[in-house]
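# Observations on the model geometry
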Amino acid sequence: RAFLDAGHSLERAVVSVKHNGWRFRAVCPAEGRVTFLTRNDTPYHFPATEPVLVAMAERIRDLHADWPGDVVFDGELTTPDDNPDTLHAEIDAGNDGTGLIYRVFDVIHEGMSLEQRLELLEQVYPYCRLNRLVVRVPHMAIRPATAAKVARIKELAVAAGREKLAEVTDVWL
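Criteria and cut-off values
Residues numbered from 1 in each chain as written. Predicted model: local features only at pLDDT ≥ 70, side-chain atom pairs only at ≥ 80, totals over all residues. Heavy atoms only, no water. Pairing = 2+ DSSP bridges. Helix = DSSP H or I, 4+ residues; strand = E, 2+ residues; numbered from the N terminus. Contact = heavy atoms within 4.5 Å. Axes fitted to C-alpha atoms, helices over the stretch in contact; angles between N-to-C directions. Phe/Tyr/Trp six-rings, centres within 6.5 Å; stacked < 30°, edge-to-face > 60°. Buried < 20%, exposed > 50% of the residue type's maximum accessible area, 1.4 Å probe, protein only.

The strand order across the open sheet formed by six strands is 5-4-3-6-7-8, and the pairing between neighbours is mixed. The open sheet has two free edges, formed respectively by strand 5 (43-44) and strand 8 (134-136), since each of these has just one partner strand. Relative to strand 6 (residues 71-78), strand 3 (residues 22-28) runs antiparallel, the two sharing seven bridges. The partner of valine 27 across the bridge, within strand 6, is valine 72. Against the sheet, helix 2 (residues 84-92) touches strand 3, strand 5 and strand 6, its axis set at about 45° to strand 3. Strand contacts of helix 3 (residues 114-124): strand 6, strand 7 (101-108) and strand 8, with the helix running at about 135° to strand 7, the strand carrying the most contacts.

This is how it looks when you write it as structure tokens:
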């Protein structure tokens, strides 16, 4: 995935690896149950991942007392074998999150730049303690970014079998 800062500027781009999973937002209210939402807002619950996400959300609220409402992480649910068929079978079987991996790549906050959000994730990730259920997706900054550099990274991802060309065109703000 290529992330560009607001305004689609190529002054700085951030690249991360996309895994073969299912995209979910994890909504962490101040009190209550963590809810995972698909792109179509279909709710799911994976209780095994809740303690980690709650710890990260609490740390965000400690750092930002004025945080507006729920802490919402953006990520991708995968299996250790990175196989979407295995993941769908696990979800259909009612897996509670055990043995699955939620790969967090962003925290949603309209008032923060991408750089601030990624820095925040880096700050709070250690508070979730060492685990295998929730991981922070590493990002690589490209400075200065150019269309050619971003295109080359896309080519390398496709050549490595990590992406299909059509999926590499996503731009996240």
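Attention now moves to the packing of aromatic side chains. Between two aromatic rings, the relevant description is the distance of the centres plus the angle of the planes. Scanning the entire structure with this criterion turns up eight aromatic pairs. Between phenylalanine 24 and phenylalanine 36, the aromatic rings sit 5.9 Å apart at their centres with planes inclined by 85°, giving edge-to-face as the arrangement. Placement of the pair is phenylalanine 24 in strand 3 and phenylalanine 36 in strand 4 (residues 35-37), with a sequence separation of twelve residues. Since its relative accessible area comes to 0%, phenylalanine 36 is described here as buried. Aromatic side chains phenylalanine 36 and tyrosine 102 sit 5.1 Å apart centroid to centroid with 90° between the ring planes, which places their arrangement in the edge-to-face category. Pair noted here: phenylalanine 36 is in strand 4 and tyrosine 102 is in strand 7, with a separation of 66 residues, a long-range link.

Function cannot be read off these values alone, since they describe shape.
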